[in-house]
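# Survey of secondary and tertiary structure
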Amino acid sequence: MAFPFDLRRCRLLGLVGTAFLALGGETAGALPVADLPAPASAQEATGLVAVYFGVVLLIAAWVLLGRLVRGPRPPAPRALLLVLAVWAAPLVLAPPLFSRDVYSYLAQGAMADAHMDVYTQGPAALGGPLADQVAPMWQHTGAPYGPAFLGLASALSGLTRGELPAGLIGMRLLALLGVALMAFALPRLARHSGADPAAALWLGALNPLVLLHLVAGAHNDALMLGLLGLGLVAARGRRPVLGAVLVTLAALVKAPAALGLLAVVAFQARAGRRPLPAALTTAAVSAATTVAATVTAGTGYGWIGALGTPVSPQNWALTSLLGRATGDLLDRLGSGLAPLAVPGWHLLGLVATAVAILLIWLRLRLKPVYALGLSLLVVAVFGPAIRPWYVLWGLFLIAAAAPSTSVRHRVAALAGVLALAVLPSGAPADAGQLVLAVCGGLLGVVVLWQAHQAAQAPAAVSPAPGRAA
């Protein structure tokens, strides 16, 4: 007999999972420095177990929901949006999870509000309680974000007067706005691409990476993807100027979204417009939007040079891993070329990215949403830095336009694995923390298995009438 799971039970299981995430995050999350528990304390250990217990429950709820979406009576998109709201609710007021980037956002916003140059100075130049929350390795690093995001961060800093709790809530609300825009765009892009809107919402908005990193982590990638999706919807609806404006604003949050301008041009070409005039008009609109956003934010054009912001020395991007391995080998061989290994591999990664994107668009130019999704996934995989949430750049659009179920399954498997890849504190894991995380995950598996066994157990046979029990 199949595990009797309906939409209500999926909703409840995911809610329990995110509730444990929020509770565990109170002692094991990316907390303000003053609230951090002692290393290896009982509070931190309990929180870490609770977080991974919750992550496993959330992944299970998402997988079971996927079975319903593919079933004979799939839930409507509106019902899935309710599930998303229920799952996200416990995370809204939870502490930051899986990354300390939100503290960098707040410090950079305060710097912009104080008319400091956020592209040549790091948060250390700001000083004070906000800068103290930023991870040490980013204290002296300029902001890699565009003027659209820094303008919002600056406005938020002025609104909250630099208060940390209010700033964290404000950043999370911006992230929630981005997720809401993603959820708005996904079914519309899916219908345009001939895909199932419910399946697109399940994979693109309800997957654990969105909840763990865009909602709980309050990453500005949510705003980038929301504006990008909204721009593509506008361009698909024969409003290419508005589409170009929105896509450019997405790129002025984080630069990879600029690839969306290719899709804006492709939509116009499919509508019968000649490609060259379409490209020139799109470029002009994008340039005007960039100038307007930069003047409004008052940050200047330092963001162009800041695109080369250095990455973490221990980043586990493919090109960084290959670079470090090559450097170690050259060092053992006594070669003086060892310091060039990592930059060399990063350069090769950029070349491979450019070639792959060219091939993708030559082959899939008639499927611009899918081509853009694959292109952004290539940027994430072959770039000099990668984090689990970077995969969402491409996954979001692949969810809306994947040509087959097998593609969705592969991308979903990737999302499920990456959901387990980062500690809730955002810090590198030691052996003891890995053991605790595994214990929390195994506890979740055991609880799910026991629930499954209870559901499978045959009903007790009632005694026949007239016979003693």
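For the structure given in this document, a descriptive report is provided here.

Next up on the list: the overall build of the protein chain. Along the protein chain, the regular secondary structure elements total 20 helices and 0 strands. The C-alpha atoms of the protein chain give a radius of gyration of 24 Å, which matches the 23 Å a tight globule of 469 residues would have. With the C-alpha coordinates aligned to their principal axes, the bounding extent of the protein chain is approximately 90 × 60 × 55 Å. Here the protein chain holds 469 residues, and 51% of them are scored as buried. Restricting to contacts in the protein chain with at least 6 residues of sequence separation, those with at least 24 account for 74%. Distance between charge centroids for the protein chain: 23 Å, based on 28 positive and 14 negative side chains.

In this structure, His115 takes a positive phi of about 65° despite not being glycine. Its place among the elements puts His115 in the loop between α4 (101–113) and α5 (128–132). With phi around 65°, Arg238 is a residue other than glycine that occupies positive phi space. Assignment of secondary structure puts Arg238 in the loop between α10 (221–236) and α11 (240–251). With a relative accessible area of 65%, Arg238 lands in the exposed category.

Let us look at the packing of α4 against helix α6 (residues 147–160). Contact pair α4 / α6: the axes reach a minimum separation of 7 Å and the direction vectors enclose 85°. Taken together, the axes of α4 and α6 lie roughly perpendicular to each other. Taken together, the residues of α6 that come into contact with α4 (itself represented by Tyr105, Leu106, Gln108, Gly109, Ala110, Ala112 and Asp113) are Phe149, Leu150, Ala153, Ser154, Leu156, Ser157 and Gly158. Within the contact of α4 with α6, the residues separate by chemical class into 8 nonpolar, 5 polar and 1 charged.

Turning our eyes to something else, we now look at α4. Note: α-helices contain 3.6 residues per turn, so residues at a spacing of three or four share the same orientation. Its 13 residues place the ends of α4 18 Å apart at the C-alpha level, agreeing with the 18 Å of an ideal helix rising 1.5 Å per residue. The element α4 is extensively covered by neighbouring structure, given that 11 of its 13 residues are classed as buried. Taken residue by residue, α4 has Val102, Tyr103, Ser104, Tyr105, Leu106, Ala107, Gln108, Gly109, Ala110, Met111 and Ala112 as its buried positions. Where α4 is buried, its residues contact α5, α6 and α7 (164–193). In the segment just after α4, His115 is the residue with positive phi, at about 65°.

Here Ser99 is to be found in the loop between α3 (77–92) and α4. For Ser99, the side chain forms a polar contact with the main-chain nitrogen of Asp101, separated by 3.0 Å. Discounting chain neighbours no more than four positions away, the residues touching Ser99 are Ala30, His219, Trp389, Pro424 and Gly426.

Moving on, we come to the nonpolar core. One broad trend across soluble globular proteins is that nonpolar side chains are buried collectively. Core analysis: the biggest nonpolar cluster contains 140 residues, and Trp87, Met171, Leu228, Leu372 and Leu397 have the highest contact counts within it. Examining the composition of this core, we find that 14 residues originate from one element, helix α2 (residues 42–69), more than from any other. Not counting residues up to four positions away in its chain, the partners in contact with Trp87 are Cys10, Arg11, Gly14, Leu15, Thr18, Leu58, Ala61, Trp62, Leu65, Leu206 and Leu211.

Here helix α8 (residues 197–204) lies mainly inside the structure; 8 of its 8 residues are buried. Taken together, the buried positions of α8 are Pro197, Ala198, Ala199, Ala200, Leu201, Trp202, Leu203 and Gly204. Close packing links the buried residues of α8 with α2, α3, α7, α9 (208–215), α18 (392–401) and α19 (405–418). The N-terminus of α8 is capped by Asp196, whose side-chain oxygen sits 3.2 Å from the backbone nitrogen of Ala198.

Next up on the list: the pattern of salt bridges. Inspection of every chain in the model, using the stated rule, returns 2 salt bridges. In this structure, the salt-bridge partner of Asp6 is Arg9, at a minimum N-O distance of 3.4 Å. Assessed through its relative accessible area of 29%, Asp6 is described here as partly exposed. Its salt-bridge partner being Lys254, residue Asp221 comes within 3.1 Å of it at the nearest N-O pair. Placement of Asp221 in helix α10 and of Lys254 in the loop between α11 and α12 (260–270) is noted, with a sequence separation of 33 residues between them. The pair Asp221 / Lys254 is uniform in exposure class, with both members buried.

Below, the discussion takes up the packing of aromatic side chains. Enumeration over the complete set of coordinates arrives at 7 aromatic pairs. Taking 5.6 Å as the distance between ring centres and 75° as the angle between the ring planes, the aromatic pair formed by Tyr145 and Phe149 counts as edge-to-face. Here the two residues Tyr145 and Phe149 agree in accessibility, since each one is buried. When the centroid spacing of 4.6 Å and the interplanar angle of 20° are considered together, the rings of Tyr390 and Trp393 count as stacked. Pair check on accessibility: Tyr390 and Trp393 agree, each one buried. Through pairs of rings, three or more aromatic residues link up here, namely Tyr105, Tyr145 and Phe149. Geometry around Phe184 places Arg188 over its ring, the cationic atom sitting 3.7 Å from the centre.

To continue, consider the packing of α3 against α8. It is at 9 Å that the axes of α3 and α8 come closest, and there the two elements cross at 15°. By the angle class used here, α3 and α8 are roughly parallel. Relative to α8, α3 is oriented so that their crossing is right-handed. Contact with α3, carried on its side by Pro77, Leu80 and Leu81, involves Pro197, Ala198 and Leu201 of α8 and no other residues of that element. Considered class by class, the residues forming the contact of α3 with α8 number 6 nonpolar, no polar and no charged.

Rules used in this analysis
Residues numbered from 1 in each chain as written. Predicted model: local features only at pLDDT ≥ 70, side-chain atom pairs only at ≥ 80, totals over all residues. Heavy atoms only, no water. Helix = DSSP H or I, 4+ residues; strand = E, 2+ residues; numbered from the N terminus. Rg over C-alpha atoms; globule rule 2.2 N^0.38 Å. Buried < 20%, exposed > 50% of the residue type's maximum accessible area, 1.4 Å probe, protein only. Contact = heavy atoms within 4.5 Å. Lys, Arg positive; Asp, Glu negative; His and termini not counted. Charge placed at Lys NZ, Arg CZ, Asp CG, Glu CD. Axes fitted to C-alpha atoms, helices over the stretch in contact; angles between N-to-C directions. Parallel < 35°, antiparallel > 145°, perpendicular 65-115°, else oblique. Nonpolar A, V, L, I, M, F, W, Y, C, P; charged D, E, K, R; others polar. Expected span 1.5 Å × (residues − 1). Polar contact = N/O pair within 3.5 Å; in protein donor to acceptor, adjacent residues only side chain to side chain. Core = buried A, V, L, I, M, F, W, Y, C linked by side-chain atoms within 4.5 Å. Salt bridge = Lys/Arg side-chain N within 4 Å of Asp/Glu carboxyl O. Phe/Tyr/Trp six-rings, centres within 6.5 Å; stacked < 30°, edge-to-face > 60°. Lys NZ or Arg CZ within 6 Å of the ring centre and 35° of its normal. Left-handed = near helix turned anticlockwise from the far one by under 90°.

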